[in-house]
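Fold and contact review
Below, each chain spelled out in residue letters.
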Amino acid sequence: MDFVQQVQAYIARGGILSPPATRNKGQSPRQPDVLKRLAIEQKAIETTWDYYQKLGYDIESVEAAKVGWDLTATNGNVRLKLEVKGLSGTAIAAELTANEYSSLLADSPNYRVCMVTNALTKPLLHIFSYSKTVDLWVSEEGLELSFEKVTSARVFAG
């Protein structure tokens, strides 16, 4: 499909990018609808915030600072770094930016990967933490995270 056909198809879909026809194993699908993606992310942040606040943590959003996680949760001497991922379906798969992944590796004991599935319908929070005992990232319900390192590049003209 040439560029003009791609633009025409994009306009015909109401400005929504179509998802890729195939995906590699472990690759997370990105929500093509920008407004829906933002709503999912916001609901995931709210769900995670509420959960930790009910546990007695003071929560601070650090999303805008681009520090490598979204929320900082503090309770006494405990300071957790919460990276929040919102998902529209039930599959637990997301992408970490280079900054997020680097932060995860640098402070694994205090880092949490918080995945909120069914974010817009019936949010379910899955919290993954690093277990030194088994050398894995596991959730309270026993799910294990697998990591697939990827290399990417941004290209542009000019």
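This text follows the structure it describes.
Model, not experiment: these values are computed from the prediction.

**Re the sheet that holds strand β3 (residues 78–86)**
Spatially, the seven strands line up as an open sheet ordered β1-β2-β3-β4-β5-β6-β7, and their pairing is mixed. In this open sheet, the two edge strands, each paired with only one partner strand, are β1 (58–61) and β7 (144–145). Pairing analysis gives two bridges linking strand β6 (residues 136–139) to β7, with the strands arranged antiparallel. Paired with Trp 137 across the bridge in β7 is Leu 145. Lying over the sheet, helix α3 (residues 98–106) contacts β3, β4 (111–117) and β6, oriented at roughly 130° with respect to β4.

**Re the pairing of strand β5 (residues 124–131)**
Taken together, the six bridges between β4 and β5 define a ladder with antiparallel strand orientation. Residue pairing in the sheet places Met 115 in a bridge with His 126 of β5. Between β4 and β5, which pair antiparallel in sequence order, lie six residues; one of them, Asn 118, sits at a positive phi of approximately 50°. Pairing geometry for β5 and β6, over four bridges, is antiparallel.

**So, the packing of aromatic side chains**
Per the stated rule, a full pass over the model turns up six aromatic pairs. Look at Tyr 52 and Tyr 57: their rings are 5.4 Å apart centre to centre, the planes differ by 80°, and that puts the pair in the edge-to-face class. On the basis of relative accessibility, which here comes to 15%, the residue Tyr 57 falls in the buried class. A ring pair is formed by Tyr 111 and Trp 137, whose centres lie 6.5 Å apart and whose planes are at 90°; its orientation type is edge-to-face. With a gap of 26 residues between them, Tyr 111 in strand β4 and Trp 137 in strand β6 connect regions that are remote in the sequence. As far as the burial class goes, Tyr 111 and Trp 137 line up, both buried. By way of ring pairs, the aromatic residues Tyr 101, Tyr 111, Tyr 130, Trp 137 and Phe 147 are connected into one cluster.

**With respect to the pattern of salt bridges**
Taken as a whole and judged by the stated rule, the model has three salt bridges. In this structure, Asp 107 and Lys 81 form a salt bridge, with 3.0 Å as the shortest nitrogen-oxygen distance. With Asp 107 in the loop between α3 and β4 and Lys 81 in strand β3, this residue pair connects regions lying 26 residues apart in the sequence. Across this residue pair, the class does not change: Asp 107 and Lys 81 are buried. Lys 85 is the salt-bridge partner of Glu 83, the closest N and O atoms lying 3.4 Å from each other.

**Focus on unusual backbone geometry**
Positive phi, close to 55°, is recorded for Lys 66, a residue that is not glycine. Positionally, Lys 66 belongs in the loop between β1 and β2 (71–75). Although it is not a glycine, Asn 118 sits at a positive phi angle of roughly 50°. Exposure remark for Asn 118: the relative accessible area of 22% places this residue in the partly exposed category.

**Observations concerning the side chain of Asp 70**
Mapped onto the secondary structure, Asp 70 falls in the loop between β1 and β2. Although Asp 70 is buried, it makes no salt bridge; Lys 85 carries the closest opposite charge, 5.9 Å away.

**Notes on the nonpolar core**
Of all hydrophobic cores here, the largest spans 16 residues; its most connected members are Tyr 52, Ala 73, Leu 82 and Cys 114. For this core, the secondary structure elements donating two or more residues are α2 (34–54), β2, β3, β4 and β5. Here the element with the most residues in this core is α2; it accounts for four residues. Residue contacts for Ala 73: discarding those within four places in its chain leaves Tyr 52, Tyr 57, Asp 58, Ile 59, Val 78, Arg 79, Leu 80 and Leu 82. Counting ten residues, the second largest nonpolar core, distinct from the first, contains Leu 104, Val 113, Trp 137 and Leu 145.

What counts and how
Residues numbered from 1 in each chain as written. Predicted model: local features only at pLDDT ≥ 70, side-chain atom pairs only at ≥ 80, totals over all residues. Heavy atoms only, no water. Pairing = 2+ DSSP bridges. Helix = DSSP H or I, 4+ residues; strand = E, 2+ residues; numbered from the N terminus. Contact = heavy atoms within 4.5 Å. Axes fitted to C-alpha atoms, helices over the stretch in contact; angles between N-to-C directions. Phe/Tyr/Trp six-rings, centres within 6.5 Å; stacked < 30°, edge-to-face > 60°. Buried < 20%, exposed > 50% of the residue type's maximum accessible area, 1.4 Å probe, protein only. Salt bridge = Lys/Arg side-chain N within 4 Å of Asp/Glu carboxyl O. Lys, Arg positive; Asp, Glu negative; His and termini not counted. Core = buried A, V, L, I, M, F, W, Y, C linked by side-chain atoms within 4.5 Å.

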